[in-house]
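Summary of the model geometry
What follows is the residue order along each chain.
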Amino acid sequence: MKGSSNWDWDTKEKLVADIDAWRKKYYATRDLVPSDDGEKIATIVKNEERRFTTCVNGETWEETFERVYSLKFTPDGRLVSLVFRNYEWAVAVDHEMWEEKFDYLWNLTISPDGKSIAVNIRTGEMTSGVCMNGQTWENSFPEARDLILSPDGKRTASHVQLNPRAELDILGFLKKNWTAAVDGTAWDTTYLTLWGSVFSDDSNHVAAVGMTDMSQYTIVVDGTSWEQVFGTVWEPVFKPGSTDVVAPVLTPKGWTLAMNGKPIWNNFSQVWKQKYRSDGQKLAAVVAVDVGKWTVAVDGTPWSSVYNQMVLSPIFSPDGKKVAAVVKNNNRWTVSVDGTAWSETFDNVWDPVFSPGSDKLAAKAEKNGRFFITVNGKIGKKDYDRLWDPVFNPDGTKILVRAIDKGKYYRRIVSVNEI
């Protein structure tokens, strides 16, 4: 994880908070959220007056609110939440609130470097838009459905409705009334609906799925549609270092991946969740080679092994030589690496994390209601009440474990060999 080189990788164990004590002290507690470095854990608490506030490592904010939700830590450890008081919503960062207030806020989004915080907003004039770092789009719209932050954290985009639709106007759904707005400026082209927006890695371009009529879909890049239309299209991605766009498309022959409108793979029963290697030289995607036969294809070639229920998004190792994915087969979850599944299976397993050297793969897993860290398919010796995703140290020899053990939240540094 970026920035982890500055973390404490020497202290083997820290008792950060007694969670059971929180639950006894407060009228109610909400979900628990740890910081990336594990040094803090936060929750939303309700007092006897049924007012809400945030609690970090046992210390509560004196300010109270009618509602608090969407609790998140930035990478540098600041706590962000959405708070409601006196009929107004605001963004709170640690114990400071943005001056701007709104009728409603949602889709709290934080940039990878933590420097930008953005939300969708609803105003008293019943219009919607985006506010980033306290600055609201100059233009607003009848509806804004989502929020996308650029990789550099400087730009925002949302799918927006251009004209309000009367409640009883049932034919309004047939009007091309949706487009994308980037930094508050709407594209000139309109669609029956639009979704799946994504920024290019240089933050200068936006692509999305556009529905051109009731049975035709295409990809739109910076407001310009592909010439080709398809029966269905899934969300696009940009090829790293370029303006080329790749998306799964349905043709009369089946599903394939298309680049800039032209098929680049053979056909499958289904294709989706495509992901490029960081250098753009390899492309992986989830595919179905037949009905109920799911696997991963890399550069169009599927793994030889298939799974009968589910395959989740492929993950490239840092060196780009391996691909891993969470898979479900016969009601059991595990992880497959280059088509070879771990022998151990679980009730549930989360996306795995490669070590910086790409030689180790760790994941959070659940078995019989208990949670474990697994490394290269070997289940850990220690089980927990609750667990968050593991994090490798920069040289891949240690793992940060953020866990609740017997009602207490611990930050532990464990040698990979001791897991």
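Everything below is about the structure shown above.
The structure reproduced in this document is the subject of the present report. Every chain's residues receive numbers from 1 upward, in the order its sequence appears when written. Only residues with pLDDT of at least 70 get local features here, since the model is predicted, and only at 80 or more are side-chain atom pairs given and counted; chain-wide, interface and lining totals rely on the full set of residues. With hydrogens and water set aside, each side-chain value is computed from the structure's full complement of heavy atoms.

Regarding its fold elements, the protein chain presents one helix and 45 strands. The globule rule used for comparison is 2.2 Å times the number of residues to the exponent 0.38, while the radius of gyration itself is calculated over C-alpha atoms. Computed over C-alpha atoms, the radius of gyration of the protein chain comes to 23 Å, within 12% of the 22 Å expected from 2.2 N^0.38 for 419 residues, which places it in the range of a compact globule. Considering only C-alpha atoms, the protein chain reaches an extent of 60 × 60 × 35 Å along its principal axes. The contact criterion used throughout is that any non-hydrogen atoms of two residues lie within 4.5 Å. Put simply, 35% of the contacts in the protein chain that link residues at least 6 apart link residues at least 24 apart. Of the accessible surface of the protein chain, which amounts to about 20100 Å², a share of 48% is contributed by carbon and sulfur atoms. Each charge class in the protein chain can be summarised by its mean position, and for the 50 positive and 55 negative side chains these summaries are 6 Å apart. In DSSP terms, a helix is any run of H or I states spanning at least four residues, a strand is any run of E spanning at least two, and both are numbered starting from the N terminus. Using a 1.4 Å probe, the Shrake-Rupley method yields the accessible areas, and only the shown protein chains count as cover for residues. Under the convention used here, Asp and Glu are negative, Lys and Arg are positive, and both His and the chain ends fall outside the count. For this purpose, a charge sits on NZ of Lys, CZ of Arg, CG of Asp or CD of Glu.

It is worth spelling out the sheet that holds strand β23 (residues 224–225) at this point. Read across the open sheet, the four strands follow the order β20-β21-β22-β23; overall the sheet is antiparallel. The outermost strands of the open sheet, each flanked by one partner alone, are β20 (193–199) and β23. Two strands pair if DSSP finds at least two bridges between them. One ladder, built from five bridges, connects β20 with strand β21 (residues 206–213); its direction is antiparallel. Paired with Phe 199 across the strands is Val 206, a residue of β21.

This next bit is on the pairing of strand β9 (residues 88–93). Three labels apply to residues, based on accessible area from a 1.4 Å probe with only protein chains included: buried if under 20% of the type maximum, exposed if over 50%, partly exposed otherwise in between. Here β9 lies mainly inside the structure; five of its six residues are buried. Alignment of strand β8 (residues 79–85) against β9, held across six bridges, turns out to be antiparallel. Bridging across to β9, Phe 84 finds its partner in Trp 89. Two successive antiparallel strands, β8 and β9, enclose a turn made up of two residues, where Asn 86 displays a positive phi of approximately 55°. Of the pairings in the sheet, the one linking β9 to strand β10 (residues 96–97) comprises two bridges and is antiparallel in character. When the sheet's bridge partners are listed, Val 93 is paired in β10 with Glu 96. The loop that links β9 with its antiparallel partner β10 comprises two residues; one of these, Asp 94, has a positive phi angle of about 55°.

All right, on to the pattern of salt bridges then. Salt bridges are defined by distance alone: a side-chain nitrogen of Lys or Arg within 4 Å of a carboxyl oxygen of Asp or Glu. This structure, assessed with the given rule, holds 21 salt bridges. Where Asp 76 meets Arg 78, a salt bridge forms, and the shortest distance between an N and an O atom there is 3.3 Å. Accessibility expressed as a relative area gives 53% for Asp 76, which makes it exposed. For Arg 78, a relative accessible area of 26% corresponds to the partly exposed category. Arg 370 is the salt-bridge partner of Asp 385, the closest N and O atoms lying 2.8 Å from each other. With Asp 385 in the loop between β41 (378–379) and β42 (386–387) and Arg 370 in strand β40 (residues 370–375), this residue pair connects regions lying 15 residues apart in the sequence. A single salt-bridge network, built from bridges that share partners, covers Asp 8, Lys 14, Glu 39 and Arg 411.

Across the sheet, which stays open at both edges, the four strands sit in the order β7-β8-β9-β10 with antiparallel pairing between neighbours. The sheet terminates laterally at β7 (67–73) and β10, the two strands that pair on one side only.

Quick look at the environment of Tyr 409 now. For Tyr 409, the position within the fold is in strand β45 (residues 408–415). Overall, Tyr 409 belongs to the buried group, its relative accessible area being 0%. Each C-alpha atom of the pair Tyr 409 and Gln 309 lies 35 Å from the other, and the pair is 100 residues apart in sequence. Residues adjacent in sequence count toward polar contacts only when both atoms are side-chain atoms; beyond that, a polar contact is any pair of N or O atoms within 3.5 Å, and within protein one must be able to donate a hydrogen and the other to accept it. A polar side-chain atom of Tyr 409 sits 3.1 Å from the main-chain carbonyl oxygen of Gly 38.

It is worth spelling out a negative patch on the surface at this point. Side chains of Asp 113, Asp 152, Asp 201 and Asp 202 sit close together on the surface and give a patch of like negative charge. When you line up the elements, Asp 113 lands in the loop between β11 (104–110) and β12 (117–122). By definition, no residue in a patch forms a salt bridge, and every one has over 30% relative accessible area; like charges are joined within 9 Å, nonpolar side chains (Val, Leu, Ile, Met, Phe, Trp, Tyr) within 5 Å.

Moving on, we get to the packing of aromatic side chains. Each aromatic pair joins two rings of Phe, Tyr and Trp (for Trp, the six-membered one) with centres within 6.5 Å, and gets the label stacked for planes under 30 degrees apart, edge-to-face for over 60, and tilted for any other angle. For the structure shown, the criterion picks out 14 aromatic pairs. A centroid spacing of 6.3 Å and a plane angle of 85° characterise the contact between Trp 137 and Phe 141, whose relative ring orientation is edge-to-face. Residue Trp 137 is classed as buried on the basis of its relative accessible area, which comes to 10%. Aromatic side chains Trp 226 and Phe 230 sit 6.5 Å apart centroid to centroid with 80° between the ring planes, which places their arrangement in the edge-to-face category. Phe 230 carries the same exposure label as Trp 226, and that label is buried. Pairwise contacts between aromatic rings join Tyr 69, Phe 84, Trp 89, Tyr 104 and Trp 106 into one cluster.

Structurally, His 159 is set in strand β17 (residues 156–161). Take His 159: its relative accessible area is 2%, and that puts it in the buried class. A distance of 2.4 Å separates a polar atom in the side chain of His 159 from a polar atom in the side chain of Asp 146. In this view, His 159 contacts Glu 143, Ala 144, Arg 145, Asp 146, Trp 178, Thr 179, Ala 180, Leu 194, Trp 195, Gly 196, Ser 197 and Ala 208; residues no more than four positions away in its chain are not counted.

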